[in-house]
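Single-letter residue listing:
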Amino acid sequence: MAQIFAYILHKNGVIDDTARELLAVARKIDASATPTALVLGAGSELASACAAAAGAYAQVWKVDNAALAYPNAEVVRKALVKLVPAGSIVLMAHEHFGMDLAPGLAIRMDAAFVSDLVDIEDLDGGLLKAVRQEFGGAVHSHVTVDLSTGAVITARPGSFQAKEEAAAGGQVADKSGAVEDLAGRRDFIEVVAAEVGDVDITKSEVLVSCGRGFEEQDNLAIAFELAKAMGADVSCSRPIVDAKWLEKARQVGTSGQTVKPKVYMACGISGSFQHMGGIKGNPFIVAINKNPKAPIFQVADVGIVADVLEFIPELTEKIKEGA
Amino acid sequence: MDILVCVKRVPDTSENEIELNRAGNDINRDDLVYSVNEWDNYAVEEALRIVENAGGSVTVVTVGDEEAEEVLRREMAMGADKGLLLCDEAFEGSDGMGLARILKAAVEKGKYDLILTGAQADDGAGQVGGMLAAMLDLPFASLVNLIEVGEGKLKVGREIEGGNQEMNAISLPCVLSIQTGINEPRYVGIRGIRKVASVEIPRLGAGDLGLDAGKVGAAAAKVKRLDYFVPEMGAGAEILEGSTDEIIAKLLELLKAKGGLK
Ligand SMILES: Cc1cc2nc3c(=O)[nH]c(=O)nc-3n(C[C@H](O)[C@H](O)[C@H](O)COP(=O)(O)OP(=O)(O)OC[C@H]3O[C@@H](n4cnc5c(N)ncnc54)[C@H](O)[C@@H]3O)c2cc1C
Ligand SMILES: Nc1ncnc2c1ncn2[C@@H]1O[C@H](COP(=O)(O)O)[C@@H](O)[C@H]1O
């Protein structure tokens, strides 16, 4: 069995939740695997991250290099190509950094690449059978991945359950010497912080959230009326922001805000994982969608199969009558 | 600046419900409406804007069957100067790596300063752009939501978590994968489509591209899709049934109990 590595995301010395999820991914590939954590960075923050990773992984490879102070995927890829033995399996999370790093890494390693796995079924004679989703989760598919020349695999955050395990008490090996010059052709400049909007949806207790199902900008008025009647704020999915109908600060999701309301009304939203990834704290989710097969009905508490443009005004009316 | 934009023809998820076919080995493709992958329209729009400011040309390329020509025509109606259809039986069943290999051959037949792809395709994996860059040994940035043209390099913004943006300087030539929302793609009217209806679109196969047919297509694929399926549904949501009045009454009760009404 090829050696398995997990690329650990960390920030301010704290490792990401996905670090333990990747351990679960490795165990699903091979129950007896002892995967190695790859922790790259610089300075004291790196030291804390390595210590945290050693709590979960029996082996940690640390690379300390000033060029890695900010994880620029082009630079990280260069380091990994020097570090990881040919034929290995490298696991990482399917998010904005993994999407930047992983496909090119697979090419450089001459390894197979498969992204955004939500489950792994079995490994049979070097062929890994796994599950992906397509078309925004409308359908799933089984794929086989030929691991014979190694693989780079990204896993969807939240899809693999991290097990509560005893602290691994892992060994940290310093591999900084294996990588030297990391200068690349893409230089990190800065991170520009998200703009602050009129409302802070991260503080809202009740959200009326609008998706592409609203069809036209003018139709959003009915969501604002419902929100007013409920004492709620209006948030939205990404296409509404892409179309410039609402400001970015109202976007819920992995590339938007993380909200933790008591009640979340998902109106005309299909329920993509990037959208749901922004909803925390286990709120009561009401989904209103005209498609009974919309994936949102899998994760909502209560569902209403209806046209938002017809249903919402009636709901608003009834709430006003009751008040 | 001469720009190549990779575009893909995909089932249009806003026009169709994506469902399984009866055999369960594919999605139901009867009466399916196809369109350009959403992300690719943003990429073409961005290319057009760069060329409008800095001069140059925009070429659109796709790997697909004969019907894929329609998406090239649509993007040419938007304003792209040229289209290239990469079409060969040998390409069928290619995985992401195979597609990137075919596109690489097309890139090397021309001379481009910038290559754009979409960040992902609806039926894809967010892989072709990064793979193509690595195969061409060009710098790459994904999820790009801002491009500013400078001397021999670009300043690009990448979308990262929480609505934040990561700014980078990247040298040309390079490959970028474009995220939705970077611009507002222009509208294409029926007139625009008509204008390019008779434009000749070159078609290149494995031989024209100097590709070893054994290195692309199903036989070379390391990743293969076996089937499509819809998993056993869990409990899922409690669907409220009845007349609209009944549904609303039940919903209001629940909302009150959960603190959703003030
Ligand atoms: C890197 C990356 C980051 C992303 N980050 C985010 C993010 O932070 N937040 C986010 O939201 N998305 C994000 N996305 C996009 C995400 O993948 C989905 O494309 C998006 O969430 C879909 O939004 P939607 O549900 O509104 O639209 P769709 O998926 O198009 O769904 C619209 C829904 O409305 C229903 N509908 C249509 N008309 C009506 C009607 N009249 N009445 C009732 N229902 C109707 C349809 O049945 C459908 O279910 C990201 C994508 C990428 C690649
Ligand atoms: N068959 C194809 N022909 C041309 N470009 C493609 C093709 N498939 C994918 N791409 C490009 O790669 C991007 C990402 O697709 P994917 O990696 O399949 O998710 C798309 O947005 C396109 O720009």
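Residues numbered from 1 in each chain as written. Chains lettered and ligands numbered in written order. Predicted model: local features only at pLDDT ≥ 70, side-chain atom pairs only at ≥ 80, totals over all residues. Heavy atoms only, no water.

Draft legend 1. Structural view of the overall build of chain A. A tally of regular secondary structure across chain A gives nine helices and 18 strands. Reported as C-alpha extents along the three principal axes, the dimensions of chain A are approximately 70 × 45 × 40 Å. A buried classification covers 55% of the 323 residues belonging to chain A. In chain A, once contacts between residues fewer than 6 apart in sequence are set aside, the share between residues at least 24 apart is 63%. Per element, the accessible surface of chain A, about 12,900 Å² overall, is 50% carbon and sulfur. Separation of charge centres in chain A, based on 30 positive and 41 negative side chains, amounts to 2 Å. (Helix = DSSP H or I, 4+ residues; strand = E, 2+ residues; numbered from the N terminus. Buried < 20%, exposed > 50% of the residue type's maximum accessible area, 1.4 Å probe, protein only. Contact = heavy atoms within 4.5 Å. Areas by Shrake-Rupley, 256 points an atom, 1.4 Å probe, with all protein chains shown as cover. Lys, Arg positive; Asp, Glu negative; His and termini not counted. Charge placed at Lys NZ, Arg CZ, Asp CG, Glu CD.)

Draft legend 2. View of the overall build of chain B. Per the secondary structure count, chain B includes eight helices and 13 strands. Across its three principal axes, chain B shows a C-alpha extent of roughly 65 × 45 × 40 Å. Going through the 262 residues of chain B one by one, you find that 53% of them count as buried. Across chain B, contacts joining residues at least 24 apart in sequence account for 69% of those joining residues at least 6 apart. When the accessible surface of chain B is split by element, carbon and sulfur atoms take 45% of a total near 11,800 Å². For chain B, the distance from the average position of its 28 positive side-chain charges to the average position of its 45 negative side-chain charges is 4 Å.

Draft legend 3. Quick peek at the site of ligand 1. Taken together, the neighbourhood of ligand 1 is formed by 31 residues, with S237(A), Q251(A), S255(A), S270(A) and Q274(A) sitting nearest. Residues near ligand 1 are shared among chains A and B, making this a multi-chain site. At 2.5 Å from an oxygen atom of ligand 1 is found a side-chain nitrogen or oxygen belonging to S237(A). Take K290(A): an N or O atom from its main chain is 3.1 Å from a nitrogen atom of ligand 1. Where the shell around ligand 1 is concerned, the elements lending two or more residues are helix 6 (238-242) and helix 7 (273-276) of chain A. (Near = heavy atom within 4 Å. Polar contact = N/O pair within 3.5 Å; in protein donor to acceptor, adjacent residues only side chain to side chain.)

Draft legend 4. Quick look at the domain arrangement of chain A. Examined at the domain level, chain A breaks down into domain 1 (4-178) and domain 2 (201-322). Taking only C-alpha atoms into account, the centre of domain 1 of chain A sits 34 Å from that of domain 2 of chain A. (Domains from an automatic or database assignment.)

Draft legend 5. Region of the structure containing the site of ligand 2. Residue and element names in this part refer to chain B. Inspection of the region around ligand 2 gives 19 residues, with C6, D40, A125, G126 and Q127 positioned closest. Here a nitrogen atom of ligand 2 and a backbone polar atom of V63 are 2.9 Å apart. The separation between an oxygen atom of ligand 2 and a polar main-chain atom of Q127 is 2.7 Å. Compared with its free state, where it exposes 480 Å², ligand 2 has 98% of that area covered by protein. Of all the secondary structure elements, the ones that give two or more residues to the shell around ligand 2 are strand 4 (57-63), helix 3 (96-109) and strand 6 (114-118). Per-element accounting of the shell around ligand 2 gives the leading share, three residues, to strand 4. Its residues assigned to classes, the shell around ligand 2 shows nine nonpolar, eight polar and two charged. (Nonpolar A, V, L, I, M, F, W, Y, C, P; charged D, E, K, R; others polar.)

Draft legend 6. Molecular detail of the interface of chain B and chain A. Taken together, the contact pairs 79 residues of chain B with 80 residues of chain A. Roughly 6,800 Å² of surface becomes buried between chain B and chain A when both sides are summed, with 57% attributable to carbon and sulfur atoms. Put simply, chain B and chain A have 11 salt bridges between them. Where K293(A) meets E19(B), a salt bridge forms, and the shortest distance between an N and an O atom there is 2.7 Å. For the interface between chain B and chain A, the tally reads 45 residue pairs in polar contact (both at pLDDT 80 or more). (Buried area = accessible area lost by both parts, 1.4 Å probe. Salt bridge = Lys/Arg side-chain N within 4 Å of Asp/Glu carboxyl O.)

Draft legend 7. Quick peek at the sheet that holds strand 11 (residues 203-204) of chain B. The mixed open sheet is built from 10 strands, whose spatial order is 13(A)-9(B)-8(B)-7(B)-10(B)-6(B)-1(B)-4(B)-5(B)-11(B). Edge positions in the sheet fall to strand 13 (186-192) of chain A together with strand 11 of chain B, since each has one partner strand and no second. Strand direction decides the pairing type here: strand 7 (residues 140-149) of chain B and strand 8 (residues 153-159) of chain B, joined by five bridges, are antiparallel. Each bridged residue has a counterpart across the sheet, and for V149(B) the counterpart in strand 8 of chain B is L154(B). (Pairing = 2+ DSSP bridges.)

Draft legend 8. View of the side chain of D100(A). With respect to the helices and strands, D100(A) occurs in helix 4 (residues 96-109). Taking the relative accessible area as the measure of exposure, D100(A) reaches 1% and is therefore buried. A distance of 2.6 Å separates polar atoms of two side chains, one belonging to D100(A) and the other to S142(B). With near-sequence residues (within four places) excluded, D100(A) lies in contact with A73(A), R77(A), R186(A), F140(B), A141(B), S142(B) and R158(B).

Draft legend 9. Highlighting the pattern of salt bridges. Throughout the structure, instances matching the rule amount to 33 salt bridges over all chains. In this structure, R108(A) engages D137(B) in a salt bridge whose closest nitrogen and oxygen atoms are separated by 3.1 Å. Taken together, the residues R108(A) in helix 4 and D137(B) in the loop between helix 4 (128-136) and strand 7 connect one chain to another. Residue D137(B) is classed as partly exposed on the basis of its relative accessible area, which comes to 44%. In this structure, R212(A) and E38(B) form a salt bridge, with 3.2 Å as the shortest nitrogen-oxygen distance. With one member in each of two chains, R212(A) in the loop between strand 14 (206-210) and helix 5 (220-230) and E38(B) in helix 1 (residues 38-54) form a pair that bridges those chains. The exposure class assigned to R212(A) is partly exposed, which follows from its relative accessible area of 45%. Each of D100(A), R186(A), R158(B) and E166(B) takes part in a single network of salt bridges with overlapping partners.

Draft legend 10. Representation of the side chain of R250(A). All names here are of chain A. Along the chain, the position of R250 falls in the loop between helix 6 and strand 16 (263-267). Taking relative accessible area as the criterion, R250 reaches 9% and is therefore assigned buried. Separated by 2.9 Å, the side chain of R250 and the backbone oxygen of V234 make a polar contact. If we ignore the near neighbours within four places in the chain, the residues touching R250 are V199, I201, F224, V234, S235 and C236.

Draft legend 11. The packing of aromatic side chains, seen in detail. Residues and elements named next belong to chain A. Overall, the coordinates contain three aromatic pairs over all chains when judged by the stated rule. Its guanidinium or amino end placed over the ring of F273, R156 lies 3.7 Å from that ring's centre, counting from NZ or CZ. A cation sits over an aromatic face here: K175 above W61, 4.2 Å from the ring centre. (Phe/Tyr/Trp six-rings, centres within 6.5 Å; stacked < 30°, edge-to-face > 60°. Lys NZ or Arg CZ within 6 Å of the ring centre and 35° of its normal.)

Draft legend 12. Highlighting helix 1 (residues 18-29) of chain A. All names here are of chain A. Compared with an ideal rise of 1.5 Å per residue, which puts 12 residues at 16 Å, helix 1 spans 16 Å between its outermost C-alpha atoms and is within 8% of the ideal. For helix 1, the buried fraction is high: nine of the 12 residues fall into the buried class. All of the buried residues in helix 1 are T18, A19, E21, L22, L23, A24, V25, A26 and I29. (Expected span 1.5 Å × (residues − 1).)

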